[in-house]
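# Structural overview for review
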Amino acid sequence: FHRLYGVQAVMGLQTGGLPDGAFRVMDYLDVGPGLSPQTIDREAKWDMPRESIPSNSGGLVGVLVQRTGPTLCRNVGPDDDPILGRHLTRRYDLFSVPVYHEGNLEEWFLVFREPGTPLEPVHIRLFVSMFNMFSRGILQLKLHQSVESLNGQLDAQLDEVAKVQRSILPDEPPRDAAVDFAVHYRPSDRAGGDYYDFRGFEDGSLGVVIADVSGHG
């Protein structure tokens with residue numbers, strides 16, 4: 001990426017759901033030498049709750065995120081924007097890339113390159129398509145992780161239901177001189193709708209109950 005297109009660093013911003021000109025810095029990736037000692041800025045925040053990340057506004061970045069298309073800014077340095085000043089150590093060309101989700105402008109990527117590096121139309125198309133696909137990939141990964149987490153919670157709940165269900169069943173059938181009992185309980189899933197029990201009465205008789213929860217199986 002650095003060798004092919006001269007990219008030195010990339011900053012990810014989230015703007016969806018914020019007032020015009022406001023943004024959250026989600027990550028900062030140094031892909032080339034000479035910007036800051038950090039390779040990846042402090043952890044990426046894409047998995048954090050958005051409301052827990054402070055928002056920023058104003059400055060050059062605040063102006064760029066109010067637009068709807070990409071913008072090239074030549075020779076941008078630490079003194080040109082307070083947010084950029086936390087990361088940049090010298091001057092770079094900045095190319096802002098909008099990211100749309102289902103037609104809504106939700107994120108931005110700021111691409112930093114060496115000053116004076118040519119930016120051809122093919123580069124613009126490449127950066128826009130690449131970062132939009134990258135963002136969709138992150139979104140799909142988060143959805144996949146969320147589904148896996150929900151499945152894990154559901155599995156745990158089903159296991160707990162199965163334990164409770166089995167706890168109300170007799171440990172073993174009663175011993176009776178006249179009748180031999182054998183029991184095999186195997187639900188179609190971890191939790192079933194079947195129930196059975198035995199009860200002895202004072203007159204020596206024995207009651208047996210077998211039940212099935214209607215609509216379960």
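Structure: see above.
Described below are features of the structure shown in this document. (Residues numbered from 1 in each chain as written. Predicted model: local features only at pLDDT ≥ 70, side-chain atom pairs only at ≥ 80, totals over all residues. Heavy atoms only, no water.)

## What to know about the overall build of the protein chain
- In terms of helices and strands, the protein chain carries three helices and eight strands.
- Starting at the N terminus, the α and β elements of the protein chain follow one another as α-β-β-β-α-β-β-β-α-β-β.
- A buried classification covers 35% of the 217 residues belonging to the protein chain.
- Counted over contacts in the protein chain with a minimum sequence separation of 6, partners at least 24 positions apart contribute 55%. (Helix = DSSP H or I, 4+ residues; strand = E, 2+ residues; numbered from the N terminus. Buried < 20%, exposed > 50% of the residue type's maximum accessible area, 1.4 Å probe, protein only. Contact = heavy atoms within 4.5 Å.)

## Concerning the pattern of salt bridges
- By the definition in use, this model includes three salt bridges.
- Here R74 makes a salt bridge to D93, at a shortest N to O gap of 2.4 Å. Of the two residues, R74 sits in strand β4 (residues 71-76) while D93 sits in strand β5 (residues 92-101), which places them 19 residues apart along the sequence.
- On the basis of relative accessibility, which here comes to 43%, the residue R74 falls in the partly exposed class.
- In this structure, D80 engages R91 in a salt bridge whose closest nitrogen and oxygen atoms are separated by 2.7 Å. Taken as a pair, D80 in the loop between β4 and β5 and R91 in the loop between β4 and β5 lie far apart in primary sequence, eleven residues in all.
- A relative accessible area of 36% places D80 in the partly exposed class.
- Using a relative accessible area of 33% as the deciding quantity, one classes R91 as partly exposed. (Salt bridge = Lys/Arg side-chain N within 4 Å of Asp/Glu carboxyl O.)

## Points about the packing of aromatic side chains
- Scanning the entire structure with this criterion turns up six aromatic pairs.
- Ring geometry for Y185 and Y196: centres 6.2 Å apart, planes at 50 degrees, overall tilted. In this pair, Y185 sits in the loop between α3 (121-167) and β7 (194-200) while Y196 sits in strand β7, placing the two residues eleven residues apart along the sequence.
- Overall, Y185 belongs to the partly exposed group, its relative accessible area being 22%.
- Between Y196 and F198 the ring centres are 6.2 Å apart and the planes differ by 70 degrees, which places this aromatic pair in the edge-to-face class.
- Grouping aromatic residues by their ring pairs yields a cluster made of F95, F109, F127 and F131. (Phe/Tyr/Trp six-rings, centres within 6.5 Å; stacked < 30°, edge-to-face > 60°.)

## Brief notes about a nonpolar patch on the surface
- Taken together, the side chains of L206, V208 and I210 make up a nonpolar region of the molecular surface, amounting to roughly 290 Å² of accessible area.
- Tracing the sequence through the fold places V208 in strand β8 (residues 206-212). (Patch = residues over 30% accessible without salt bridge, like charges linked within 9 Å, V, L, I, M, F, W, Y side chains within 5 Å. Areas by Shrake-Rupley, 256 points an atom, 1.4 Å probe, with all protein chains shown as cover.)

## Some words on the nonpolar core
- M11, L13, L84, L94, L110 and F112 are the most contacted members of the largest nonpolar core, which totals 19 residues.
- Of all elements in the fold, only β1 (7-14), β2 (22-30), α2 (59-64), β4, β5 and β6 (104-113) reach the threshold of two or more residues within this core.
- Judged by nonpolar contacts, the second largest core, of ten residues, contains V99, F109, L119 and F131. (Core = buried A, V, L, I, M, F, W, Y, C linked by side-chain atoms within 4.5 Å.)

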